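In case you want the letters, here they are:
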Amino acid sequence: MKITVSKLRKMKQEGQRIVMLTTYDAPTARLAEECGIDLLLVGDSLGMCVLGYQNTLQVTLEESLHHCKAVRRGAPNSFIIGDMPFMTMHASERDALLNAARYLQEGGCDAVKIEGDSALAPTVERMVHAGIPVMGHVGLLPQHIKTAGGYRISGKTEDSAARVLADARAMEDAGAFAVVLECVPAELSRKVTDELSIPTIGIGAGPYCSGQVQVVNDTLGFFNGPKPKHAKQYANLNDIIQKALSEYAAEVRSGTFPDDEHSF
Ligand code: KIV
């Protein structure tokens, strides 16, 4: 059955865990849809996973929309969430609304995700009022690494835990249909999940969330760089691709490819 925001809330109520995965291109989106992934996120992790950037800050709105369109073409029946890039929702509420609308009108998305604390709640409220479903994202905020001084686990102290809970509540109160909890202690995400009626989707947030999200390149072992502690690798595409490409190069060089089977 096609996922809707009300179905997601029902899944939480019934204790049915929600599966979310990032995808950035049509072939991966097609496979994710075929495998029954509930939610596809065109994350701004696009920057590191596909575009070769150092972090998410360089991803632009146009780049993000370009990949949303590809994901929609690959997964015509999936619930797709576009991740609003750095500074696309801060300059003014008007800019934020118009940028968010582009994800639905041009990107083919069903919803947007926005990273940020309770200060963004009025913007979320305006988006929801305009008919744009919004997923919040609290805890570790990769778009804030420059001000935070790096990627830091959130909610480890009492004060910080209270802030994470307050930010998540603010998203719910503003009308968000779900909230991502990134890199927070498992007990805190249990508390947030218990106190909110909307689903929580965890990444590095332990087992008690209503669902989980992972970055597809981590899941498939298709990245260069250290694997985050929260990521579980289910395949090793790096090795598979390296082996295949080396074999191809060797066969071209030795003249064994193309053979009769691959010639006209
Ligand atoms: O961009 C992304 O991949 C994300 C997930 C980590 C939730 O925002």
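We now turn to the structure provided with this report. (Residues numbered from 1 in each chain as written. Predicted model: local features only at pLDDT ≥ 70, side-chain atom pairs only at ≥ 80, totals over all residues. Heavy atoms only, no water.)

**Some thoughts on the overall build of the chain**
- Along its length, the chain carries 11 helices and eight strands.
- A globule of 264 residues ought to have a C-alpha radius of gyration of about 18 Å, and the chain, at 20 Å, matches this closely.
- In terms of overall dimensions, the chain has C-alpha extents of about 65 × 40 × 40 Å along its principal axes.
- Of all 264 residues assigned to the chain, the portion counted as buried reaches 46%.
- Long-range pairs, those at least 24 residues apart, make up 58% of the contacts in the chain with a sequence separation of at least 6.
- Approximately 13500 Å² of the chain is accessible, and the part contributed by carbon and sulfur atoms is 55%.
- The average position of the 26 basic charges and that of the 32 acidic charges among the side chains of the chain differ by 4 Å. (Helix = DSSP H or I, 4+ residues; strand = E, 2+ residues; numbered from the N terminus. Rg over C-alpha atoms; globule rule 2.2 N^0.38 Å. Buried < 20%, exposed > 50% of the residue type's maximum accessible area, 1.4 Å probe, protein only. Contact = heavy atoms within 4.5 Å. Areas by Shrake-Rupley, 256 points an atom, 1.4 Å probe, with all protein chains shown as cover. Lys, Arg positive; Asp, Glu negative; His and termini not counted. Charge placed at Lys NZ, Arg CZ, Asp CG, Glu CD.)

**Considering the pattern of salt bridges**
- Evaluation of the coordinates by the stated rule reveals 12 salt bridges.
- A salt bridge links Arg 102 to Glu 106; the nearest nitrogen and oxygen atoms lie 2.8 Å apart.
- Judged by its relative accessible area of 37%, Glu 106 is partly exposed.
- With a shortest N-O distance of 2.3 Å, Arg 169 and Glu 195 are connected by a salt bridge. (Salt bridge = Lys/Arg side-chain N within 4 Å of Asp/Glu carboxyl O.)

**Quick notes on the pairing of strand S5 (residues 134-139)**
- Of all six residues in S5, six are buried; the element is thus mostly enclosed.
- Judged by which residues are buried, S5 turns out to be covered on both faces: Val 134, Gly 136 and Val 138 on one side and Met 135, His 137 and Gly 139 on the other are all buried.
- Pairing geometry for strand S4 (residues 111-115) and S5, over four bridges, is parallel. Each bridged residue has a counterpart across the sheet, and for Glu 115 the counterpart in S5 is His 137.
- Where the polypeptide runs from S4 across helix H6 (residues 121-130) and back to S5, its parallel neighbour, the crossover connection is right-handed.
- Two elements, S5 and strand S6 (residues 178-182), share five bridges in a ladder whose sense is parallel. (Pairing = 2+ DSSP bridges. Right-handed = clockwise from strand over helix to strand, strands pointing away.)

**As for the site of the ligand**
- What surrounds the ligand is the set Thr 22, Leu 41, Gly 43, Asp 44, Ser 45, Asp 83, Lys 113, His 137, Glu 182, Ile 203, Val 213 and Val 215.
- In the environment of the ligand, an oxygen atom lies 2.9 Å from a nitrogen or oxygen atom belonging to the side chain of Lys 113.
- Compared with its free state, where it exposes 260 Å², the ligand has 94% of that area covered by protein.
- When grouped by side-chain class, the residues that make up the shell around the ligand number four nonpolar, four polar and four charged. (Near = heavy atom within 4 Å. Polar contact = N/O pair within 3.5 Å; in protein donor to acceptor, adjacent residues only side chain to side chain. Nonpolar A, V, L, I, M, F, W, Y, C, P; charged D, E, K, R; others polar.)

**Let's talk about the sheet that holds strand S7 (residues 200-203)**
- One closed barrel accounts for eight strands, arranged S1-S2-S3-S4-S5-S6-S7-S8; its pairing is parallel. When strand polarity is set aside, the average angle formed by the axes of neighbouring strands in this sheet is 25 degrees.
- Relative to strand S8 (residues 211-214), strand S1 (residues 18-22) runs parallel, the two sharing four bridges. Across the sheet, the residue bridging to Leu 21 is Gln 214, located in S8. (Axes fitted to C-alpha atoms, helices over the stretch in contact; angles between N-to-C directions.)

**Comments concerning unusual backbone geometry**
- With an omega of -5 degrees, the peptide bond running from Phe 257 to Pro 258 counts as cis.
- Located in the positive-phi region is Met 87, a residue other than glycine, with phi close to 65 degrees.
- Counting through the fold element by element, Met 87 comes out in the loop between strand S3 (79-83) and helix H5 (93-105).
- Since its relative accessible area comes to 45%, Met 87 is described here as partly exposed.

**Observations concerning helix H4 (residues 61-74)**
- With 14 residues, H4 extends 20 Å between its outermost C-alpha atoms, agreeing within 8% with the 20 Å of an ideal straight helix rising 1.5 Å per residue.
- If you check which residues of H4 are buried, you get Leu 61, Ser 64, Leu 65, His 67, Cys 68, Ala 70, Val 71, Arg 72 and Gly 74.
- Residues of H4 that are buried make contact with helix H2 (26-34), strand S2 (39-42), helix H3 (46-49), S3 and H5. (Expected span 1.5 Å × (residues − 1).)

**What about the pairing of S3?**
- When you tally the buried positions in S3, you get five out of five residues, the bulk of the element.
- For S2 and S3, the ladder comprises four bridges, and the chain directions are parallel. When the bridges of S3 are listed, Leu 40 appears paired with Ile 80.
- As paired strands, S3 and S4 are joined by three bridges and run parallel to one another. Its bridge partner being in S4, Ile 81 is matched across the sheet by Ala 111.
- As for the winding sense of the linkage, the β-α-β connection from S3 through H5 to S4 is right-handed.

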